Amino acid sequence: MIKPIETIYAGSRFRSRLEARWAVFFNWLKIRYVYEPEGYELSDGTLYLPDFYLPDQDTFFEVKGVMREVDMHKIQQFREDSHKPVVIGYDDMRFDATDYWQKTDDQHAAEYEFAGQDSSVLARCKVCGKPYFMGINGSFACRCCGAYDGDGHFDIMGWGNGASDDWDFTNASEKATRARFEHGERPDEA
Ligand SMILES: [Zn+2]
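Nothing here was measured: the structure is a model prediction, and the numbers come from that model.

Draft legend 1. Inspection of the sheet that holds strand β12 (residues 154-159) at higher detail. Pairing in this open sheet of three strands is antiparallel, and the strands run β11-β10-β12 from one edge to the other. Looking at which strands have only one partner, the edges of the open sheet turn out to be β11 (131-135) and β12. Within this sheet the neighbouring strands show an average axis-to-axis angle of 35°, counted without direction. Pairing of strand β10 (residues 120-125) with β12 involves five bridges; the strand directions are antiparallel.

Draft legend 2. Layout of the nonpolar core. The biggest cluster of nonpolar side chains holds 29 residues, and the ones touching the most others in it are W22, F25, F26, F52, F61, L122 and F133. Looking at this core, the elements that each hand over two or more residues are α1 (17-28), β6 (52-54), β7 (59-63), β9 (95-97) and α3 (167-178). Apart from residues no more than four positions distant in its own chain, F26 is found in contact with I31, Y33, F52, L54, F61 and F133.

Draft legend 3. Spotlight on the coordination of the zinc ion. On the protein side, the zinc ion has C125 (SG), C128 (SG), C142 (SG) and C145 (SG) as donor atoms, found 2.3 to 2.4 Å from it. Taken together, the four donor atoms surrounding the zinc ion define angles of 105 to 113° at the centre, an arrangement classified as tetrahedral. Every donor residue of the zinc ion comes from the same chain, spaced as C-x2-C-x13-C-x2-C. Residue C125 is classed as buried on the basis of its relative accessible area of 1%. The partly exposed category is assigned to C128, whose relative accessible area is 30%.

Draft legend 4. Region of the structure containing α1. Between its terminal C-alpha atoms α1 stretches 17 Å, which fits the 16 Å expected from twelve residues at 1.5 Å a residue. Along α1, nine of the twelve residues are buried, which leaves the element largely enclosed by surrounding structure. For α1, every residue scored as buried is listed here: L18, E19, A20, R21, W22, A23, V24, F25 and F26.

Reading the values: rules and limits
- Residues numbered from 1 in each chain as written.
- Predicted model: local features only at pLDDT ≥ 70, side-chain atom pairs only at ≥ 80, totals over all residues.
- Heavy atoms only, no water.
- Pairing = 2+ DSSP bridges.
- Helix = DSSP H or I, 4+ residues; strand = E, 2+ residues; numbered from the N terminus.
- Axes fitted to C-alpha atoms, helices over the stretch in contact; angles between N-to-C directions.
- Core = buried A, V, L, I, M, F, W, Y, C linked by side-chain atoms within 4.5 Å.
- Buried < 20%, exposed > 50% of the residue type's maximum accessible area, 1.4 Å probe, protein only.
- Contact = heavy atoms within 4.5 Å.
- Donors = N, O, S within 2.8 Å, 3.2 Å for Na, K, Ca; no water.
- Tetrahedral: all angles 85-135°; square planar, octahedral: opposite > 155°, others 65-115°.
- Expected span 1.5 Å × (residues − 1).

Purely geometric stuff here, so don't read any function into it on its own.
This is how it looks when you write it as structure tokens:
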């Protein structure tokens, strides 16, 4: 078995280059993250180690170059067991976020579903200034500070399918996709 080359960035040792790219993306947007926070035993007995935890938005983030059915099953199980939002990060900084209901619609709290790349966004809260992932069919409440004002309290920075007209988002995506880690190269840190 060939051992994959570990990638070191911003003081963390990542198992894959794609994970390190997402760390670059988070750093440029000042999204705080914890890499491989802790392992969980799921209710079906399988073990699961999430890739990232984003503490400000209380959200887990799973990086997948290729999504296999067994992986998706595990992620769904974790989402159901943890009752936390989960985002799946793909190649080219595409992502799929869970719809999420908070405060305004608590009865749906257990019904997060993945929104799909075309309906997932990275929003920026106008109240606390922090970016957070969400599906556009859930509650728009800020996952960082709880602000809720219809859709008046946030801007959309970018979509899960890559569409964006926000400079910060586009810049972070470019820095991440172009990041080179070979030969000890270190991408710029924001
Ligand atoms: Zn906020």
